[in-house]
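This is what each chain is made of:
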Amino acid sequence: SDAGSQLRVVVSASGLEPAASARTNAVAVLPRMLRRPSIVGRPRVATRLRARTGAWEGTDLKLVVSWQRCKRGLCDQVAVAPSYKVRLRDRGYRLKAEVVASNSVGTANAFSKLTAVVR
């Protein structure tokens, strides 16, 4: 419940003025996916696909998108960027985007659904 808040301690004693500490930095929250990433565009050679990063919870998040080319359950990373230009060598494969969310207290990742087979 303290996530994103600054904290301080207040001490009081009978007959004395209350004393307060300095505020802390905001309480950091681990990254957590609320809505999975998705891909916008048609998986055809020479087209550009764009990744929607989905929705995330957490403080001071850094989001990184990577693209994977998949066939028969095996995937290889082919790019790290918010968008991807489909290449001739992608024909016959399916693509997916991975989003990695990170901050000072942790990292979480999520994948989009696979595209249709690249034509």
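Scroll up to find the structure this text is about.
Here the residue index of a chain counts from 1 through its sequence in written order. Selection of residues for local features in this predicted model requires a pLDDT of at least 70, selection of side-chain atom pairs for listing and counting requires 80 or more, and totals for whole chains, interfaces and linings are taken over all residues. Only hydrogens and water are set aside; all other atoms, that is, all heavy atoms of the structure, feed into the side-chain values.

With respect to the packing of aromatic side chains
Working definition: rings of Phe, Tyr and Trp (its six-membered ring) pair if their centres are within 6.5 Å, and the pair is stacked with planes under 30 degrees apart, edge-to-face with planes over 60 apart, and tilted otherwise. All chains considered together, the criterion is met by one aromatic pair. Ring plane angle 25° and centroid distance 5.8 Å describe the contact between Trp67 and Tyr84, whose orientation is recorded as stacked. You can see Trp67 sitting in strand E7 (residues 62-71) and its partner Tyr84 sitting in strand E9 (residues 83-85), a full 17 residues away along the chain. Only protein chains enter the calculation, and the probe is 1.4 Å; a residue is then buried if its accessible area is under 20% of its type maximum, exposed if over 50%, and partly exposed in between. Note on Trp67: relative accessible area 0%, which makes it buried. Only Lys NZ and Arg CZ are tested; either one counts as a charge over a ring when it is within 6 Å of the ring centre and within 35 degrees of the ring normal. The lysine or arginine in question, Arg69, covers the ring of Tyr93, its NZ or CZ lying 5.6 Å from the ring centre. The cationic tip of Lys96 hangs over the ring face of Phe111; the distance from NZ or CZ to the ring centre is 4.4 Å. Helix and strand assignments come from DSSP, with helices taken as H or I runs of at least 4 residues and strands as E runs of at least 2, each series counted from the N terminus.

Description of the pattern of salt bridges
We count a salt bridge whenever a side-chain nitrogen from Lys or Arg sits within 4 Å of a carboxyl oxygen from Asp or Glu. Summed over the entire model, instances satisfying the criterion amount to two salt bridges. The residue Arg32 makes a salt bridge to Glu57 at a minimum N-O spacing of 3.1 Å. Here Arg32 is found in strand E3 (residues 32-35), whereas its partner Glu57 is found in strand E6 (residues 55-57), with 25 residues between them in sequence. Assessed through its relative accessible area of 45%, Arg32 is described here as partly exposed. For the salt bridge of Asp90 with Arg69, the shortest nitrogen-to-oxygen distance reads 2.5 Å. With a gap of 21 residues between them, Asp90 in the loop between E9 and strand E10 (94-103) and Arg69 in strand E7 connect regions that are remote in the sequence.

Section: the sheet that holds strand E11 (residues 106-111)
Note on pairing: DSSP must find at least two bridges between two strands before they are called paired. Read across the sheet, four strands follow the order E8-E7-E10-E11 without closing on themselves; strand pairing throughout is antiparallel. Single-partner strands in this sheet number two, and they are strand E8 (74-80) and E11. Across this sheet, the average inter-strand angle for adjacent strands is 30°, counted without regard to direction. Where E7 meets E10, nine bridges bridge the pair, whose relative direction is antiparallel. Within E10, the position partnered with Trp67 by the bridge is Ala97. With axes taken as lines fitted to C-alpha atoms, and helix axes fitted only over the stretch in contact, angles between N-to-C directions fall between 0 and 180 degrees.

A word on the state of the cysteines
By disulfide we mean two sulfur atoms from cysteines, separated by a distance within 2.5 Å. Scanning the model with the defined rule gives one disulfide in all. With a sulfur-sulfur separation of 2.1 Å, Cys70 is cross-linked through a disulfide to Cys75. A torsion of 115° about the S-S bond marks the disulfide between Cys70 and Cys75 as right-handed. Residue class for Cys75 comes out partly exposed when judged on its relative accessible area of 31%.

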